[in-house]
Each structure stands twice: as C-alpha cells, then as structure tokens.
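# Close look at the chain arrangement
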Amino acid sequence: MRMYDLIMKKRNNAEHSKEEIRYIIDKFTKGEIPDYQMSAWLMSVYFNGMTKEETLELTNAMADSGDRLDLSKINGVKVDKHSTGGVGDKTTFIVAPILASLGIPMAKMSGRGLGHTGGTIDKLEAIEGFNVAISEEDFINNVNNIKLSLVGQTGNLAPADKKIYALRDVTATVDSLPLIASSIMSKKLAAGADVIVLDVKCGSGAFMKDEASAKELAKTMVEIGNGAGRKTYGIITDMNEPLGCKVGNALEVYEAVEVLKLKNLEDVDFGIKRLLEVSLTLASYMLMGAKKYASDETLSYEEARKICEEAITSGKALDKFAEFAAAQGGDSKMLYNPELLPKAKYIVPVYASKEGYVASCKTSEVGMVSLILGGGRETKESIIDLAVGIDIRKHIGDYVKTDEVFAYIHADDEAVIKEAEKRLLGAYEISDEKIEPEKIIKYVSE
Ligand code: URA
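Residues numbered from 1 in each chain as written. Predicted model: local features only at pLDDT ≥ 70, side-chain atom pairs only at ≥ 80, totals over all residues. Heavy atoms only, no water.

## Quick word on the sheet that holds strand β1 (residues 79-83)
Adjacent strands of a sheet form backbone hydrogen bonds with each other and so pair up, either parallel or antiparallel. Heads up, the rule is: The pairing criterion for strands is at least two bridges between them, as found by DSSP. By the criteria applied, helices consist of DSSP H or I runs no shorter than four residues and strands consist of E runs no shorter than two, each listed in order from the N terminus. Helix axes use the C-alpha atoms of the stretch in contact, all axes being lines fitted to C-alpha atoms, and the angles between their N-to-C directions lie in the range 0 to 180 degrees. Every residue pair with non-hydrogen atoms within 4.5 Å of one another is taken to be in contact.
Spatial ordering of the open sheet is given by β1-β4-β5-β13, a layout of 4 strands whose pairing is mixed. Two strands close off the open sheet at either side, each with one partner strand: β1 and β13 (441-445). With direction set aside, neighbouring strand axes in the sheet form an average angle of 15°. Here β1 pairs with strand β4 (residues 195-202) via 5 bridges, running parallel. If you follow H82 over to β4, its bridge partner there is L198. On the sheet, helix α10 (residues 211-227) packs against β4, β5 (231-238) and β13 and is oriented at approximately 165° with respect to β5. Most of the contacts of helix α12 (residues 270-295) go to β5, to which it runs at about 170°, and overall it touches β1, β4, β5 and β13.

## Concerning the layout of surface pockets
Rolled over the atoms, a probe with the dimensions of a water molecule shows which regions are left empty. Stated precisely, the cut-off is as follows: Buriedness for pockets is judged along seven lines, at least five of which must meet protein on both sides within 12 Å for an open set on the 1 Å grid over protein atoms alone, while cavities are sets there where a 1.4 Å probe fits but cannot get out, and lining residues have an atom within 4 Å of a point. Grid points are joined across faces, edges and corners, and a volume is the space filled by probe spheres set on the points. Residues are grouped as follows: Ala, Val, Leu, Ile, Met, Phe, Trp, Tyr, Cys and Pro are nonpolar; Asp, Glu, Lys and Arg are charged; all remaining types, including Gly, are polar. Note that domain bounds follow an automatic or database assignment of domains.
In this structure, the second largest pocket occupies an estimated 170 Å³ of space. The element best represented in the lining of the second largest pocket is helix α11 (residues 249-260), accounting for 3 residues. Here the lining of the second largest pocket is built from residues that sort into 9 nonpolar, 1 polar and 4 charged. Per-domain counts for the lining of the second largest pocket show at least three residues from each of domain 2 (79-157 + 164-338) and domain 3 (343-431).

## Let's talk about the site of the ligand
Here is the rule: Whether a residue is near a molecule or strand depends on its heavy atoms: if one lies within 4 Å, it is near. Any pair of nitrogen or oxygen atoms within 3.5 Å is treated as a polar contact; in protein, a donor-acceptor pairing is required on top of that, and neighbouring residues in sequence qualify only through side-chain atoms on both sides. In these tables, accessible area is a Shrake-Rupley quantity obtained with a 1.4 Å probe, and a residue counts as shielded only by the protein chains included in the view.
The local shell around the ligand consists of Y165, R168, I180, S183, I184, K187 and F207. At 2.9 Å, a side-chain N or O of R168 approaches an oxygen atom of the ligand. One of the side-chain nitrogen or oxygen atoms of K187 is found 2.4 Å away from an oxygen atom of the ligand. Compared with its free state, where it exposes 240 Å², the ligand has 90% of that area covered by protein. Among the secondary structure elements, those contributing two or more residues to the shell around the ligand are α8 (159-170) and α9 (177-190). Sorting elements by how many residues they give to the shell around the ligand places α9 first, with 4 residues.

## What about the pattern of salt bridges?
Where we set the bar: Each salt bridge in this description consists of a side-chain nitrogen of Lys or Arg and a carboxyl oxygen of Asp or Glu lying within 4 Å of one another. Relative accessibility thresholds used throughout: buried, under 20% of the residue-type maximum; exposed, over 50%; partly exposed, between the two (1.4 Å probe, protein chains only).
The tally for this structure, following the rule as stated, stands at 33 salt bridges. A salt bridge links K187 to D161, with the nearest nitrogen and oxygen atoms 3.1 Å apart. Of this pair, K187 sits in helix α9 while D161 sits in helix α8, placing them 26 residues apart in sequence. Judged by its relative accessible area of 22%, K187 is partly exposed. Judged by relative accessible area, D161 falls into the buried class, the value being 5%. For the salt bridge of E339 with K343, the shortest nitrogen-to-oxygen distance reads 3.9 Å. E339 gets classed as partly exposed once you look at its relative accessible area, which sits at 39%. Overall, K343 belongs to the exposed group, its relative accessible area being 54%.

## Thoughts on the side chain of T173
Residue position: T173 is located in the loop between α8 and α9. Judged by its relative accessible area of 0%, T173 falls in the buried class. Side chain to side chain, T173 and T171 meet in a polar contact 2.9 Å long. Sequence-distant contacts of T173, defined by excluding residues within four places in its chain, comprise L42, M43, Y46, R168 and L179.

## Comments concerning the sheet that holds strand β9 (residues 389-392)
In space, the 4 strands of this open sheet follow the order β6-β9-β11-β7, with antiparallel pairing throughout. On the outer flanks of this sheet lie β6 (246-247) and β7 (346-351), each paired with one strand and no other. Looking at chain direction, β9 and strand β11 (residues 405-411) are connected through 4 bridges and run antiparallel. What sits directly across from G389, in β11, is H410. Contacts between helix α16 (residues 363-373) and the sheet are confined to β6, β9 and β11, with β9 contributing the most and set at about 140° to the helix. Most of the contacts of helix α17 (residues 417-426) go to β11, to which it runs at about 145°, and overall it touches β7, β9 and β11.

See the structure below:
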C-alpha cells in the first residue's frame, strides 16, 4: 500500500477499505507518513466526505492508536458527557454532581481551553488547591468512593487524534463532519464509559452553525457510539449566545454553584434558565441511559428529569460538588460560599450605545473578549487569569436601555478594559424589532 495511491483514491471520491484506513492511521501515528501527505488526504476528506463505514473505521483506528482507559475496577454503569465546544458552557459542574449524588459513577477526563472556548480543567483550578492531575489509582478510588472524579487528559489516549487534530488546526480541515465525529468519538470510546451523552452545540459559537449539519453530526456520533455497544444520545443545544450569564473560569464555577443552590427552579433569570435547561436535559438522558444499560429499566424523560431536579433542590448535588472538590484537594468552602473564588481587581459596567431589543450575538467573539481579558489561552503555553471574564445581564430577546447595565467586565489589567468593552458591544446586534430567542434544546438523537 502507498499513501500516494490512497490520497489519489480519496481525491477521486472513492471509498477506502478498512485496511486502507488502518494503514493511514497506524503509519501516521508512527511518523511514517509525512505531514504533507496527511494534509493532502485530510483535505480530500474535507471535500469528498466519508461513508458511514469509513467514518466508523476511522474512529476505531484512532481509538486503538493508544491506550484505552480500563474502568473495569469501577463498580456500576459509568456515564460520560461531552460537549462539542461553546462559550460559557459550565454544564459539567452541574451535571456531574447531580449524577454522582444519585450514585451513578462518572470518571471524566476533560481538556483545557484553547482559543475562544474555555476548558473544564482550567475552570476547576479556580477552586483553590484543586488537583487536576491525581494518580490513576486515586482517580479510580474517588469514583468508587464518591462516584465522581475529573482529571486532565493524561496518558496515551487516542494519540492519532492528537496528531491529526494539530494538523487539521493549521490546514483548515477542522470543520469536516467525519473528521469531527471520529475525533470526538475515538476519545470517548477510548475513555471507557458505558453511557455517553453528547451535547452538540449549534449556532454562532459552535463548529456547526446550522441545525441540519448539527443533526447530521449528532446522528453520526450516536450511530458510532451505539455501534460500539455504548448507550449514546446526541442532544443539539443552542449556542447562538453564551450559555448562562457568566464567561470566565472562576465566574463559571460561581454560576454553576448558583444553579446548584437553587431551591425553586421556576423563578430564575433567563440566562440561568437556559443553563439549567441544558444541564437538566443532559443529566436526565444520562440517568435514563444508566438505568437502561444496567437493568434494561426504562425511565421516562419526565421521571428522570424529576429525579435530577430534586438532586438540585434538595442540596444533594451541591454537597456532592463540595465533596468531590475536597477529595481532589480543593477548598470546598468556596463552593458553599462562591464569593471566596478568585475575584478580578476591576468590575466595570458596560452600557449599550443604542436602545432596543438584543437581536443576535457573535458568540465566539464573546469568547474572544474573555481571551483578551486574560481568561483564555492564545497558545498552549499561555498562563491564564482565573478571575477575569464577563457577566452578561441582557440576552437575545431582552429590551435594553442605554442607562441599564448590559454586562460587567471583570478585569485585572486596566489597559485591556476599553478594547474588551468595544468588542463585547460589537458582538451584539440591537434591533427595533422584538426577536424571539432560539429554542435552547433543538433535537435529541438516540
Ligand atoms: N472537538 C474534538 O475533540 N475534535 C474535533 O474535531 C472538534 C471538536
């Protein structure tokens, strides 16, 4: 087999055999196919796509390219969630404690932020003392003892994806459906959970800008997961504005705690309502999946949702979050009193320059504002400021007056405030006509 012939085959829109896909992934992982040939092949995939069979084989080949996490020492059905990436997405801090408080184990590996999207691991480091790099033994023990542990991606999990993703990032081949699906699912399959719930973001802050392509991505990933024997759900959620009100590392932990402290789930601000809705939907499907996988017991969505809601209103999920943080060295006092989380030096109100309805948001631009403030990473080596970010007070569909606070900017460096303010306001469009916000949950694929 020669890589030249395989590039030509994909360029001519022909279908690869399983052996050909394995050859490409194995040889590239070992460094035996140069980047320029792999780039040409990736670009051919970008333009010509892949069949279902090819995408499945690509996923399995990447999952097999390194270690698979052995979760067999964890008792019970293991659940996992994955988001395709957005702005202000702190659902893991709500969903994971809900599930763990219900006795369902979650052993999760998460990433750091890069570019306009934040990373769960960075956000957790806002909790003083929290260790995201505990040993595999402690990781497994914590899941067995308290049902939850969360660590940074370690070891040799899907190394083929790591190499390919780095190449896609610099060759304009990220936003290809089979490449995204295989990249995400190879890591999920290697990470070992029995039940996988995928939060497929759709809109201006997501890879998938329109609902049709988000649906196709969700369906493809669900087929791969179910085909591999994992109960998989794909939930398409709106990312046409940040999720919730707060964007930034400590600010997002703060907002998750605000949700976990709720006693009444009805009477909440619009931003929190959307965050709560996504979190409860994901948690409910994880619970339904866990029951189905464990005992073929069918729990309706309404039943599962009620159980998840009670985990919040009873305070059990918040207690679980505090217990989990303490088990990884974190200061659990910060979770009962989030005022203790890192705070920025300057909290500056921002006002809209024009009165009217908030009509649209360039969501990734809001993520960029957080980056400018120092809350995100431009390169892998950047050191981030955990305290900074944005607290958005107005959402799509809201009426805004020029003397009402549109948002607060939390900054440590006075010099960047003006630019952050300008870019934040520039990300929003204000209109004379009332605009209805998009539905937050758009579709569920199972
Ligand atoms: N997230 C991933 O892990 N891979 C992709 O290709 C896109 C989003």
